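The residues making up each chain are set out below.
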Amino acid sequence: QVQLVESGGGLVQAGDSLRLSCAASGRTFSIYHTGWFRQAPGKEREFVAVISRSGRTTDYADSVKGRFTISRDNAKNTVYLQMNSLKPEDTAVYYCAAAMTSVATPRRSRDFNFWGQGTQVTVSS
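Residues numbered from 1 in each chain as written. Predicted model: local features only at pLDDT ≥ 70, side-chain atom pairs only at ≥ 80, totals over all residues. Heavy atoms only, no water.

Asker: Account for the pairing of strand 1 (residues 2-7), naming residues and giving values.
Answerer: Successive residues of a regular strand alternate their side chains across the two faces of the sheet. Every second residue of strand 1 is oriented toward a common face, the buried set being Val2, Leu4 and Glu6 and the non-buried set Gln3, Val5 and Ser7. The pairing of strand 1 with strand 3 (residues 18-26) spans six bridges and is antiparallel. Residue pairing in the sheet places Ser7 in a bridge with Ser21 of strand 3. (Buried < 20%, exposed > 50% of the residue type's maximum accessible area, 1.4 Å probe, protein only. Helix = DSSP H or I, 4+ residues; strand = E, 2+ residues; numbered from the N terminus. Pairing = 2+ DSSP bridges.)

In structure tokens, the structure reads:
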């Protein structure tokens, strides 16, 4: 078992930056690939970014590529999502998730075993 707690969300203006954090506790965090998903009102949850357990491999949704950066510090049991050049369409609840799959950078929700409670990001125009 691993418990995940997101933080860092808030209300910002278009073009601003935010850094989300996902703090893990429980089992050794470094055994999990970790991803970020988001869900906007009235929409399905969608993949945002993922980082392999080692941190060597990352993958991003096309909609955030070049603007968002995922990273991890296994010594601190924390994964980060640096979000730059935010747009109103980035408004959503952002969730951190951990996966034990053998796939290095999973993108499907069903591949992830543990989820945080989410943090709200609101981008005004």
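Asker: Residue-level account of the packing of aromatic side chains, with values.
Answerer: As enumerated under the stated definition, the model contains five aromatic pairs in all. Arranged with centres 5.7 Å apart and planes meeting at 90°, the rings of Tyr32 and Phe114 form a pair that is edge-to-face. Within this pair, whereas Tyr32 is found in the loop between strand 3 and strand 4 (33-39), its partner Phe114 is found in strand 10 (residues 114-115), the two being separated by 82 residues in sequence. As far as burial versus exposure is concerned, Tyr32 and Phe114 are alike and both buried. A cation over an aromatic ring shows up here: Arg45 above the ring of Trp115, its NZ or CZ 3.9 Å from the ring centre. Here Arg72 stacks its cationic end above the ring of Phe29, 4.6 Å away from the centre of that ring. (Phe/Tyr/Trp six-rings, centres within 6.5 Å; stacked < 30°, edge-to-face > 60°. Lys NZ or Arg CZ within 6 Å of the ring centre and 35° of its normal.)

Asker: Summarise the nonpolar core; cite the residues concerned and give the values.
Answerer: Grouped together as the largest cluster of nonpolar side chains are 36 residues, with contacts concentrated most on Leu4, Trp36, Leu81, Met83 and Tyr94. Those elements that place two or more of their residues in this core are strand 1, strand 3, strand 4, strand 5 (46-51), strand 7 (68-73), strand 8 (78-83), strand 9 (92-99) and strand 11 (119-124). Looking at this core element by element, the count peaks at six residues for strand 9. (Core = buried A, V, L, I, M, F, W, Y, C linked by side-chain atoms within 4.5 Å.)

Asker: Provide a residue-level description of the state of the cysteines, including the pertinent values.
Answerer: This structure, assessed with the given rule, holds one disulfide. The disulfide partner of Cys22 is Cys96, and the gap between their sulfur atoms is 2.0 Å. One quick way to see it: the torsion about the S-S bond of Cys22 and Cys96 is about -75°, and its sign makes the bridge left-handed. Taken together, the positions of Cys22 in strand 3 and Cys96 in strand 9 put the pair 74 residues apart, joining distant regions of the chain. (Disulfide = S-S within 2.5 Å.)

Asker: Talk me through unusual backbone geometry; I want residue IDs and the actual numbers.
Answerer: At Asn77, a residue that is not glycine, the phi angle is positive and equals roughly 55°. As for its placement among the helices and strands, Asn77 is situated in the loop between strand 7 and strand 8. For Asn77, a relative accessible area of 26% corresponds to the partly exposed category. A positive phi angle, close to 50°, is found at Ser85, a residue other than glycine.

Asker: Give me the environment of Lys65: which residues, what numbers.
Answerer: The topology assignment puts Lys65 in the loop between strand 6 (58-60) and strand 7. Taking C-alpha positions, Lys65 is 25 Å from Ile31, a pair spaced 34 residues apart along the chain.

Asker: Run through the side chain of Arg72, naming residues and quoting values.
Answerer: Inspection of the secondary structure assignment puts Arg72 in strand 7. An unpaired buried charge is present at Arg72: no salt bridge exists, and Asp73, the closest side chain of opposite charge, is 8.3 Å distant. At 3.2 Å, the side chain of Arg72 and the backbone oxygen of Phe29 are in polar contact. Here the side chain of Arg72 touches Asn74 through a polar contact of 2.7 Å, side chain to side chain. Once residues within four sequence positions are removed from consideration, Arg72 is found in contact with Phe29, Ser30, Tyr32, His33, Thr34, Ile51, Ser52, Arg53, Gly55, Thr78 and Val79. (Lys, Arg positive; Asp, Glu negative; His and termini not counted. Salt bridge = Lys/Arg side-chain N within 4 Å of Asp/Glu carboxyl O. Polar contact = N/O pair within 3.5 Å; in protein donor to acceptor, adjacent residues only side chain to side chain. Contact = heavy atoms within 4.5 Å.)

Shape descriptors only; they carry no functional weight alone.
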